[in-house]
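Below are the chains, spelled out letter by letter.
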Amino acid sequence: RHTRFKCDWSSDVCFPISYIYTARFRTFARSSRESQLATVADLKSIQVAAWREERYSTIKNMFDSGYFVPPVLALIKDQGSDKIRQGLREGLSHLQRNFPGEYARVAILLPGGRVLFSSPETPAYVQTRESKRLGLEAWTSGKIIFGDIKRDPDSGRISIPVVFPLLTP
């Protein structure tokens, strides 16, 4: 014979039962959310790694091909040449067309940090402490260097600086 349990909320028996149920539900809900967040974080990290590898491959091809070395050397010799600047701008626009939104700004700097070329020209390229550090690291190592992920406070865009030396044979 079953007796039906009737809970009088003023009794001491009902409070612990509801407390245990609520505590277990919270634990379950929390672990479920943590599992979902961990899954999303894993997927995002895979996406970021794939994005980085794509950018690395593109820049590595530019780095290895030497495509930009002759025009940059010519621009160093004749820094006032609009024809050379236009040629560089066209080469870089190809990169910007094929990867829309990926390469918002490209700057070519001389050792020591002086800006030789920047696309787009306005607003003027301004070096930061990080860009100087990355440039020095790229020149000394001879490798492609990725900077830290940042959000631009004005535009809200997320950017990652990528720096590599153009080495002549």
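Above: the structure in question.
Let me sum up the structure you'll find in this document. (Residues numbered from 1 in each chain as written. Predicted model: local features only at pLDDT ≥ 70, side-chain atom pairs only at ≥ 80, totals over all residues. Heavy atoms only, no water.)

1. A few points about helix 4 (residues 129–141)
Inference 1: Taking 1.5 Å per residue, 13 residues should reach 18 Å; helix 4 reaches 18 Å between its end C-alpha atoms and fits that length.
Inference 2: Among all positions of helix 4, only Glu 130, Ser 131, Leu 134, Gly 135 and Ala 138 are buried. Projected down its long axis, helix 4 shows its buried positions confined to an angular sector of 135 degrees, all on one face. In helix 4, the exposed residues that point more than 90 degrees away from the buried face are Arg 129, Lys 132, Leu 136 and Thr 140.
Inference 3: Residues of helix 4 that are buried sit in contact with strand 3 (145–146), strand 4 (150–151) and strand 6 (162–163).
Inference 4: Among the residues trailing helix 4, Gly 142 stands out with phi positive, at a value near 70 degrees. (Helix = DSSP H or I, 4+ residues; strand = E, 2+ residues; numbered from the N terminus. Expected span 1.5 Å × (residues − 1). Buried < 20%, exposed > 50% of the residue type's maximum accessible area, 1.4 Å probe, protein only. Arc of directions from axis to C-beta. Contact = heavy atoms within 4.5 Å.)

2. A word on the pattern of salt bridges
Inference 1: Here the structure, examined in full by the defined rule, presents five salt bridges.
Inference 2: Of the charged contacts, one joins Glu 34 and Arg 30 as a salt bridge, the two residues approaching to 3.1 Å between their closest N and O atoms. Placement of both Glu 34 and Arg 30 in helix 1 (residues 14–65) is noted, with a separation of four residues, approximately one turn of the helix.
Inference 3: Residue classification places Arg 30 among the exposed positions, given a relative accessible area of 59%.
Inference 4: With its nearest N and O atoms 2.3 Å apart, the salt bridge here joins Lys 150 to Glu 130. One end of the pair, Lys 150, is in strand 4; the other, Glu 130, is in helix 4, with 20 residues separating them in the sequence.
Inference 5: With relative accessibility at 12%, the residue Glu 130 sits in the buried group.
Inference 6: Connected via shared salt-bridge partners are Glu 130, Arg 133, Glu 137 and Lys 150. (Salt bridge = Lys/Arg side-chain N within 4 Å of Asp/Glu carboxyl O.)

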